[in-house]
Amino acid sequence: MGVVLRNLQKVVPLRRARLRRDVDTLRHILGIQKFDLGIICVDNRRMQQINHIYRKKNSPTDVLSFPFYEDLRPGKLPCPLHRDELNLGDIFLGVEFVMKQCQEESLDLHGALTVVTAHGICHLLGYRHETEEEWTEMQQRENYILSEYSRLTGQHLEPLMKRCSQDR
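Rules behind the numbers
- Residues numbered from 1 in each chain as written.
- Predicted model: local features only at pLDDT ≥ 70, side-chain atom pairs only at ≥ 80, totals over all residues.
- Heavy atoms only, no water.
- Buried < 20%, exposed > 50% of the residue type's maximum accessible area, 1.4 Å probe, protein only.
- Helix = DSSP H or I, 4+ residues; strand = E, 2+ residues; numbered from the N terminus.
- Right-handed = clockwise from strand over helix to strand, strands pointing away.
- Pairing = 2+ DSSP bridges.
- Salt bridge = Lys/Arg side-chain N within 4 Å of Asp/Glu carboxyl O.
- Axes fitted to C-alpha atoms, helices over the stretch in contact; angles between N-to-C directions.
- Contact = heavy atoms within 4.5 Å.

K.L.:
I tried to follow the pairing of strand β2 (residues 36–42) on my own but got confused; where do I start?
P.N.:
A regular strand places its side chains on the two faces of the sheet in alternate fashion. Within β2, six of the seven residues are buried, which leaves the element mostly enclosed by the surrounding structure. The parallel pair strand β1 (residues 3–7) and β2, bridged by helix α1 (residues 16–30), forms a crossover whose chirality is left-handed. Pairing between β2 and strand β4 (residues 87–94): seven bridges, direction parallel. Within the sheet, the bridge partner assigned to Asp36 lies in β4 and is Asn87.

K.L.:
Would you explain the pattern of salt bridges in this entry?
P.N.:
Applying the stated criterion to the full structure yields six salt bridges. One salt bridge connects Asp24 with Arg27, and the closest N-O pair in it is separated by 3.3 Å. With Asp24 and Arg27 both in helix α1 and three residues apart, the pair spans about one turn of that helix.

K.L.:
I would appreciate a short explanation of the sheet that holds β1 in the present structure.
P.N.:
Neighbouring strands of a sheet are bound in pairs by backbone hydrogen bonds; such pairs are parallel or else antiparallel. The strand order β1-β2-β4-β3 describes an open sheet built from four strands, whose pairing is mixed. A single partner strand is all that each edge strand has here, and the edge strands are β1 and β3 (63–67). On average, each strand axis in the sheet is inclined to that of its neighbour by 15°, with strand direction left out of account. In terms of strand pairing, β1 meets β2 through five bridges, oriented parallel. Note that in β2 the partner of Val4 across the bridge is Gly38. Here α1 sits on the sheet in contact with β1, β2 and β4, set at roughly 145° to β1. Along the sheet, helix α4 (residues 109–124) contacts β2, β3 and β4; its crossing angle with β4, the most-contacted strand, is approximately 140°.

Here you go:
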């Protein structure tokens with residue numbers, strides 16, 4: 001199974017091969033290699049449109065996730081009955097939004113995109129952060145994923161999510 005990676009923005013130069021490799025590492029850590037996953041990179045204009053349509057927030061954001069399995073419990077993998085159900089869903093990365101965050105905080109763009117993608121995958125796997133308890137659970141999962149990523153690659157990454165927020 002695979003990752004469909006589309007770059008629909010032209011604002012930020014993107015190294016797709018690195019992002020694909022990083023996504024494959026995240027999939028390995030989470031044991032979700034058999035599931036398909038869509039990653040779509042967009043600019044602020046497109047991200048704002050999507051955010052407005054689906055979340056009624058008229059502003060761009062860093063990541064939006066659209067799970068194939070909407071009622072998945074956090075930490076539980078889906079049990080598909082058919083081959084065409086081996087899909088986790090799609091993640092829209094606000095590459096321009098993330099780039100501005102990186103410039104403000106002196107962060108590496110591709111490292112930040114990996115962190116944001118891990119956050120998006122957590123949402124596809126049922127994690128939420130609408131309450132303090134959910135935020136704590138999701139933060140623990142992201143910390144685990146990023147520590148494993150660091151162990152496997154030698155690249156130290158930390159979650160961008162600092163507090164309970166419904167903005168993501």
